[in-house]
Each structure stands twice: as C-alpha cells, then as structure tokens.
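Here's the letter readout for the chains.
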Amino acid sequence: MRRALNYDMAKGRHDLVAGLTVAAISFPQAMAYALIAGVDPRFGVYSAIVVTIVASIFGSSSHLINGPTSAISLLVFTALAFIDSENTTELFEGLFLLAVLVGAFQIVISLFKLGNLTRYISESVIIGFMAAAASLLAIGQLGNALGVRDKGNGHMQVLRRVWLTMFRGDHINYRALTLSAAAVALAVVLRQLVRRFGWPQIDMLAVLIITGLIAYFAGWSVPGGGGHTAVAVAAKIPRSLPAPHIPEVHPDWLPELSSGALAIAFVGIIEALSIAKAIAYETQQKIDYNRQIMAEGLANLGGGFFQCLPGSGSLSRSAINYQSGAKTRFSGIVSAATVAAALLLFAPLLRYVPQPALAGLLLVTAARLVDFRRLFYTLRASRYDAGLVIVTAFTGVAIDLDKAVLLGVILSILLFVPRAARLKAKELVVAPERVVRERIPGDLVDPSIIIYDLEGELFFGAAPELDRHLMVLHQRIADDDVKFVVLRLKRVRHPDVVCIERIEHFLREQTARGVTVLLAGVRADALRILHNVGIESWFPPVHIFPEEDEEFSATLRAVRHARGHLAPVEVGRSPVNAIDLKDRADLYYLV
C-alpha cells in the first residue's frame with residue numbers, strides 16, 4: 001500500500017517512456033525468437049504480451065522484463081524436436097503443454113524455497129551453455145540467411161542437418177543473402193550510432209523496417225504470378241489478442257517434454273535471477289528471489305493457457321528498461337500493452353518482413369550472446385572451470401541443449417560435493433609466548449593435552465574425512481597416554497546426524513578409556529543437534545564450551561579447564577608449565 005501511495009506522475013512518466021522503448025524492440029525480438037523455437041511467430045508476440053505482463057505484476061525486480069529469449073527458444077526447439085514439425089497442430093499443442101510444465105516446475109521450486117539451489121550451479125556451466133546456444137542459434141539460421149530450405153528433421157543431430165542443408169540442398173538465393181547481409185551490416189552500424197549519440201534503442205526495429213522496404217520496393221516480398229515471393233517472408237499474424245486455450249495432453253509426450261521443461265525451468269530461473277541481481281546491484285534494490293521465481297512460474301503457466309512461447313528474463317529488454325529510466329514494474333505492463341496495441345494495428349504489415357532479414361538479426365544476436373572476454377577468462381582460470389565450459393558447450397552442440405543444462409547441473413553438484421567435503425584438521429599448541437596457535441615443526445608436544453581443530457562442512461559427504469581425522473586423534477591419545485582432549489568445533493558448518501553420530505561415538509569411546517574430551521567453540525546448530533540426540537544424559541554439560549563470549553574464546557576456557565584439572569605431576573611434564581593459564585590477560589588466541 002505504501003509503495004502504491006508513493007507512485008506519482010514523475011514515476012509514471014518514466015515508466016511510460018521506458019515501456020514504449022522496450023516495446024519497440026520486443027515486437028521484432030518476439031517474432032525472431034519464435035522462429036528460433038520453430039513455431040509460428042505469433043506465439044512469440046503472444047509471449048511478449050502475456051508472459052511479460054504476468055511477470056511484471058507478480059515479480060520482485062523493478063526493472064526485469066520477461067518474455068521470449070534466445071536461450072529459452074533454443075531449448076524449446078530442442079524439447080519439441082521429437083514432434084513432426086510438419087504436423088503444426090501437434091507441434092503447437094506440445095509447445096503450450098511445455099509452457100505449462102515449465103511454469104509448474106518453477107512454481108514448485110518457489111514453494112519449496114529451492115531458489116537458492118541455483119547458486120550451486122557453476123557459472124562455468126552457464127558460460128558453456130551460452131556458447132552452445134549461440135553456436136546453435138547461428139547454425140540454425142544459416143538456411144534462412146541463404147534462402148534455402150532446411151533439410152533433415154528434428155531427430156537428426158544439428159550438425160548433420162546443417163551439412164545436408166548446405167551441401168545437399170537447394171541453391172543459394174542471392175536475394176535472400178543480400179537481405180541477410182544488409183541486416184547484419186545495418187544492425188552493427190545502427191547499434192554503434194545508438195551508443196554514440198544516445199538514441200532510443202530501436203535499432204532492431206529500424207533494421208526490419210529498412211530491409212522490409214528494400215525487399216518491398218525490389219519486388220522480392222510481393223507474391224508473383226504463381227503466388228510465391230522471391231524471398232521467404234514472415235508468417236501472417238492474425239490481428240487478434242491471445243485467447244484462452246487448454247493444451248491437449250498426450251501421455252506419451254510427457255517423458256520427452258518433462259526433461260526439456262526441467263532444463264528450461266532451471267535456465268529460465270538462472271537467466272532471470274542473474275539479470276535481476278545485476279541491475280539490483282546498480283539500483284541497490286532488495287530482490288525477493290523466491291517471489292521472482294514464483295512470478296516466472298506464474299507467467300509461464302499462464303502463458304501456456306494463452307498460446308505463448310515459454311519465456312524468462314531478457315537481458316537486452318531489461319537493460320533497455322533500466323537505461324530508459326524505468327522506476328517500477330509498471331513499465332513492463334506498459335511494454336506488454338504497447339505490443340498488444342501494435343499487434344492489433346500493424347499485424348497485416350508483418351507479412352512483408354523478410355525472413356532473411358530476421359535471420360541476419362539473429363546471427364548478430366548469436367554473436368552478442370557470448371561474452372567472449374569472460375569466456376576466455378574462464379577457460380584460462382582453471383582446469384575445473386575450463387572442463388565445465390567445454391563439456392557443457394560440446395554436449396549442447398553435439399547432443400542437445402536441455403541435456404547440456406542437466407549434465408552441467410549434475411557435474412556442478414558432483415564436483416562441488418567432494419570439494420565441500422574436504423574437512424581439515426590441525427593440532428594447536430599453547431606456545432611459550434602465551435599464545436594458542438597452530439602447531440609448527442619444532443614445537444614441543446604437550447603430552448597431557450591435545451588441542452585438535454576441525455574446519456569445514458560437517459555433512460554426510462565429509463564423514464570419511466571425519467573418520468580419518470578421529471582415527472589419527474585416537475591413535476595419538478593411545479600412544480601418548482593423553483588424559484585431556486580439546487576438540488575445537490568452532491569452524492565446522494552445517495552438521496548433520498551422520499557426522500554428529502561419529503563424534504558421539506568418539507566421545508563415548510574416549511570416555512570409556514578415562515579420557516576427558518572437551519568440546520570447544522560449539523556453534524548453535526551443532527549444539528542443537530547434540531541436545532536433540534540426548535547427549536546431556538551421559539556427557540557432562542561442563543565439558544561443552546559454546547562460543548558465546550567474543551572477548552574470550554571458548555577454546556581458551558576449555559584449555560584452562562583442562563589445565564586446572566591436571567595433577568601436579570602431569571603439569572610438570574608439560575613444556576608450557578611456566579604459563580599461568582588462570583590469568584586471562586596473559587593468554588592469547590591465534591589460529
């Protein structure tokens with residue numbers, strides 16, 4: 001309510017200008033991205049209306065613009081490849097059902113607050129995916145750019161289809177090649193002019209208008225005597241708004257569509273959140289990520305029932321929205337409404353848009369899709385990152401994009417778990433200079449006390465490492481006849497029952513041998529689990545030292561406790577017997 005009351009005419013004016021500017025690029029992009037997905041251009045335009053407006057209403061980011069994107073459209077093409085592209089009725093029904101499944105997956109992810117899981121997907125996977133997506137986007141438009149029909153079918157590997165199209169297909173249509181080359185040149189030149197002079201970013205729309213006029217006045221987009229045009233033109237889009245439609249459900253489609261929908265859901269979330277985070281970094285806006293994921297899901301679910309192409313956050317349109325001065329999510333609503341008005345007013349003119357010009361724009365889009373500087377930076381950084389990039393990119397081109405995403409996610413997790421499971425252990429000593437620090441070669445060993453520090457994730461994956469460290473500690477206790485052990489747990493994180501059970505087993509075993517184990521620096525999460533498993537029933541509470549006092553560490557308190565309970569003869573054995581451990585001021589802690 002307060003935010004609504006703070007909305008004024010100044011913000012409304014900024015949102016109106018930004019929304020109109022975004023709409024100018026949304027219309028041609030929507031048509032182009034539908035062609036990438038292999039479906040009727042109108043479904044892309046419908047997505048730029050429905051998906052955009054729903055995400056703007058329910059989203060969290062003030063500047064994120066949703067709708068069809070190149071990466072999502074490529075995944076859609078891959079997911080629908082099992083359906084005969086000539087059977088447009090089934091292809092379109094599969095598209096709508098796919099959008100519903102994508103939305104459902106994203107809503108589930110939001111409801112279970114699983115959005116944070118996306119941070120475990122390595123950025124190297126996303127870079128590899130974008131490289132594969134850009135390659136496939138460029139490869140997929142070669143036929144349209146050259147004015148030849150694509151050969152093969154969706155079941156064939158993409159490189160084989162390109163080979164058949166280029167070397168076993170029709171002769172090159174030089175009129176089409178002229179238009180696609182002109183579109184590429186105009187797109188590059190106009191973008192430079194837009195950046196240099198700060199013009200409105202309508203360069204893509206201008207390219208389509210100019211190339212459309214060239215084709216029209218040359219007579220290439222006007223049907224001849226046989227009803228055919230010299231170059232292919234965009235499909236006729238009806239002058240009507242998206243209407244409600246319940247997708248047909250074919251049970252035998254669900255296994256194929258589900259894997260594709262899951263990949264699209266993850267990529268869509270990552271794409272949207274990455275863009276929202278990047279802009280929020282500039283604006284200092286606080287983003288509710290689960291709410292934004294819910295908005296993505298509602299937008300795609302609703303879009304599936306209104307004949308829409310699945311969508312996500314668009315980098316280009318969101319950047320334009322922000323740079324044009326948008327203040328609130330209302331700019332997205334303005335953009336969607338403007339696209340809807342343009343559809344009603346100018347739909348008949350769209351049949352004069354030459355497909356080779358759209359192909360030229362998409363070739364430029366493919367080149368802009370990859371941040372080459374970041375790609376090479378990542379490849380040089382480490383073998384781990386380079387491997388993820390190469391495997392994801394190769395899988396995307398050689399097999400398909402949805403499997404590349406899922407493989408990348410699996411690899412990220414598989415490679416993350418062993419690294420997270422590295423549990424470090426080190427022995428600490430009380431040095432003659434009255435400092436508790438890590439033991440270094442040459443330090444005398446105190447035979448009466450062992451101070452042992454654990455550091456890392458204390459979850460089930462670290463259990464083998466924990467067993468190894470506890471076995472080393474057990475052997476030291478037995479060999480040196482140690483009576484007191486200070487086990488420092490301050491730097492262990494996220495303990496689970498598997499590792500806590502191993503620690504409990506160690507405590508019981510040493511207690512039975514007459515060894516006193518003191519748990520130092522116990523964090524709240526570990527302390528809670530220890531209480532839950534009933535440790536107080538057999539382990540003295542005074543032997544647990546939670547990390548509560550910032551000025552005096554629990555480790556020092558545990559060491560003083562142990563030293564205070566040693567017999568005089570045992571104290572005399574210690575190489576640090578000159579230290580008065582009861583004097584707080586003279587004992588320091590350094591790890």
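Values in this document were obtained by computation on a predicted structure and should not be read as measured data. (Residues numbered from 1 in each chain as written. Predicted model: local features only at pLDDT ≥ 70, side-chain atom pairs only at ≥ 80, totals over all residues. Heavy atoms only, no water.)

**Observations concerning the overall build of the chain**
Along the chain, the regular secondary structure elements total 23 helices and 9 strands. Expected size for 591 residues packed as a compact globule is a radius of gyration near 25 Å; at 32 Å, the chain overshoots this value by more than 25%. Taking the principal axes of the C-alpha coordinates as reference, the chain spans close to 115 × 60 × 45 Å. Across the 591 residues of the chain, 51% fall into the buried class. Taking the intrachain contacts of the chain between residues at least 6 apart in sequence as the baseline, contacts between residues at least 24 apart amount to 81%. On the chain, roughly 27800 Å² of surface is accessible, and the fraction owed to carbon and sulfur atoms is 61%. Computed over 56 positive and 50 negative side-chain charges, the separation of the two mean positions in the chain equals 8 Å. (Helix = DSSP H or I, 4+ residues; strand = E, 2+ residues; numbered from the N terminus. Rg over C-alpha atoms; globule rule 2.2 N^0.38 Å. Buried < 20%, exposed > 50% of the residue type's maximum accessible area, 1.4 Å probe, protein only. Contact = heavy atoms within 4.5 Å. Areas by Shrake-Rupley, 256 points an atom, 1.4 Å probe, with all protein chains shown as cover. Lys, Arg positive; Asp, Glu negative; His and termini not counted. Charge placed at Lys NZ, Arg CZ, Asp CG, Glu CD.)

**Observations regarding the nonpolar core**
The biggest cluster of nonpolar side chains holds 88 residues, and the ones touching the most others in it are Val-39, Val-45, Val-76, Leu-80, Leu-98 and Phe-129. Looking at this core, the element that brings in the most residues is helix H2 (residues 9-37), giving 12 residues. Excluding anything up to four places from it in sequence, Phe-129 contacts Ala-71, Leu-75, Val-267, Thr-392, Leu-401 and Val-405. Core analysis: the second largest hydrophobic core is formed by 35 residues, Ala-420, Leu-423, Val-522 and Leu-530 among them. (Core = buried A, V, L, I, M, F, W, Y, C linked by side-chain atoms within 4.5 Å.)

**Notes on the pairing of strand E4 (residues 435-438)**
On a regular strand, each side chain points to the face opposite its neighbour's, so the side chains alternate between the two faces of the sheet. Inspection of the sheet shows strand E3 (residues 424-431) paired to E4 by 4 bridges, in the antiparallel sense. Note on E4: the bridge partner recorded for Ala-431 is Val-435. The hairpin turn running from E3 into E4, its antiparallel successor, is 3 residues long, and Arg-434 in that turn takes a positive phi close to 65 degrees. (Pairing = 2+ DSSP bridges.)

**Observations concerning the environment of Glu-465**
One can find Glu-465 in helix H19 (residues 463-480). On a C-alpha basis, the gap between Glu-465 and Leu-423 in space is 6.0 Å, while along the polypeptide they are 42 residues apart. Ignoring sequence-local partners within four residues, the contact set of Glu-465 consists of Ala-421 and Leu-423.

**A closer look at a nonpolar patch on the surface**
A contiguous nonpolar surface patch, about 500 Å² in accessible area, is contributed by Ile-209, Leu-213, Tyr-216, Phe-217 and Val-222. Among the secondary structure elements, Phe-217 is positioned in helix H10 (residues 203-217). (Patch = residues over 30% accessible without salt bridge, like charges linked within 9 Å, V, L, I, M, F, W, Y side chains within 5 Å. Salt bridge = Lys/Arg side-chain N within 4 Å of Asp/Glu carboxyl O.)

**Some remarks on the environment of Val-339**
Note on placement: Val-339 falls in helix H14 (residues 330-346). For Val-339 and Leu-213, which are 126 residues apart along the polypeptide, the C-alpha to C-alpha distance reads 21 Å. Excluding residues within four positions of it along the chain, Val-339 makes contact with Ala-23, Ser-26, Phe-27, Val-45, Ala-48 and Ile-49.

**Here we look at the side chain of Asn-173**
Mapping Asn-173 onto the fold places it in the loop between helix H8 (158-167) and helix H9 (174-197). Discounting residues that sit within four places of it in the chain, Asn-173 has contacts with Leu-146, Gly-147, Ala-230 and Val-231.

**Remarks on the pattern of salt bridges**
A full pass over the atoms with the stated rule returns 13 salt bridges. Residue Arg-493 pairs with Glu-457 through a salt bridge whose shortest N-O separation is 3.0 Å. Of this pair, Arg-493 sits in strand E6 (residues 484-493) while Glu-457 sits in strand E5 (residues 449-457), and the two are 36 residues apart along the sequence. You can call Arg-493 partly exposed: its relative accessible area is 30%. When its relative accessible area of 18% is taken as the criterion, Glu-457 is described as buried. Close ionic contact of Arg-468 with Glu-465 constitutes a salt bridge, the shortest N to O distance being 3.1 Å. In this pair, Arg-468 and Glu-465 are both assigned in helix H19, 3 residues apart and thus about one turn of the helix distant. A relative accessible area of 25% places Glu-465 in the partly exposed class. A single salt-bridge network, built from bridges that share partners, covers Glu-427, Arg-439, Arg-476 and Asp-480.

**Some words on the pairing of E6**
Within E6, 7 of the 10 residues are buried, leaving the element largely enclosed by the surrounding structure. Sheet topology note: the E5/E6 ladder contains 8 bridges and is parallel. In the sheet register, Ile-450 faces E6, and the bridge partner there is Val-485. Once you follow E5 into H19 and on to E6, the crossover reads as right-handed. Bridge analysis of E6 against strand E7 (residues 516-522) gives 5 bridges, and the strand direction is parallel. Note that in E7 the partner of Val-486 across the bridge is Leu-518. (Right-handed = clockwise from strand over helix to strand, strands pointing away.)

**Here's the deal with unusual backbone geometry**
Here Gln-284, not a glycine, exhibits a phi torsion of approximately 65 degrees, which is positive. Counting through the fold element by element, Gln-284 comes out in the loop between helix H11 (254-283) and helix H12 (289-304). Judged by its relative accessible area of 61%, Gln-284 falls in the exposed class. One non-glycine residue, Asp-481, adopts positive backbone phi at about 55 degrees.

**Points about the confidence of the model for the chain**
Mean pLDDT over the chain stands at 85; residues scoring 70 or higher make up 91%. Here residues 569-573 is a poorly scored stretch, pLDDT under 50, and it has 8 contacts once near neighbours within four places are set aside; other chains count. Confidence drops under a pLDDT of 50 for residues 575-585, and excluding neighbours within four residues, the segment shows 24 contacts in the predicted structure. (pLDDT = per-residue confidence, 0-100.)

**Topic: the packing of H2 against helix H13 (residues 315-323)**
Between H2 and H13, the least distance of the axes is 9 Å, while the angle of their chain directions is 170 degrees. It follows that H2 is roughly antiparallel to H13 by the angle criterion. Between H2, through Ala-18, Thr-21, Val-22, Ile-25, Ser-26, Gln-29 and Tyr-33, and H13, the contact on the second element is made entirely by Ser-316, Arg-317, Ile-320 and Asn-321. For the contact of H2 with H13, the per-class residue count stands at 5 nonpolar, 5 polar and 1 charged. (Axes fitted to C-alpha atoms, helices over the stretch in contact; angles between N-to-C directions. Parallel < 35°, antiparallel > 145°, perpendicular 65-115°, else oblique. Nonpolar A, V, L, I, M, F, W, Y, C, P; charged D, E, K, R; others polar.)

**Let's talk about the packing of helix H16 (residues 372-381) against helix H17 (residues 383-398)**
Relative orientation and spacing of two packed helices are given, respectively, by the angle between their axes and the distance between those axes. Running from N to C, H16 and H17 point in directions that differ by 125 degrees, and their axes come no closer than 5 Å. By the angle class used here, H16 and H17 are oblique. In this structure, H16 uses Leu-375, Thr-378, Leu-379 and Ala-381 to contact H17, whose residues at the interface are Asp-385, Ala-386, Val-389 and Ile-390.

**Remarks on a negative patch on the surface**
Taken together, the side chains of Asp-84, Glu-86, Glu-90, Glu-248 and Asp-252 define an acidic patch exposed on the protein surface. For Glu-90, the location among the structural elements is in helix H5 (residues 88-111). Residue classification places Glu-90 among the partly exposed positions, given a relative accessible area of 33%.

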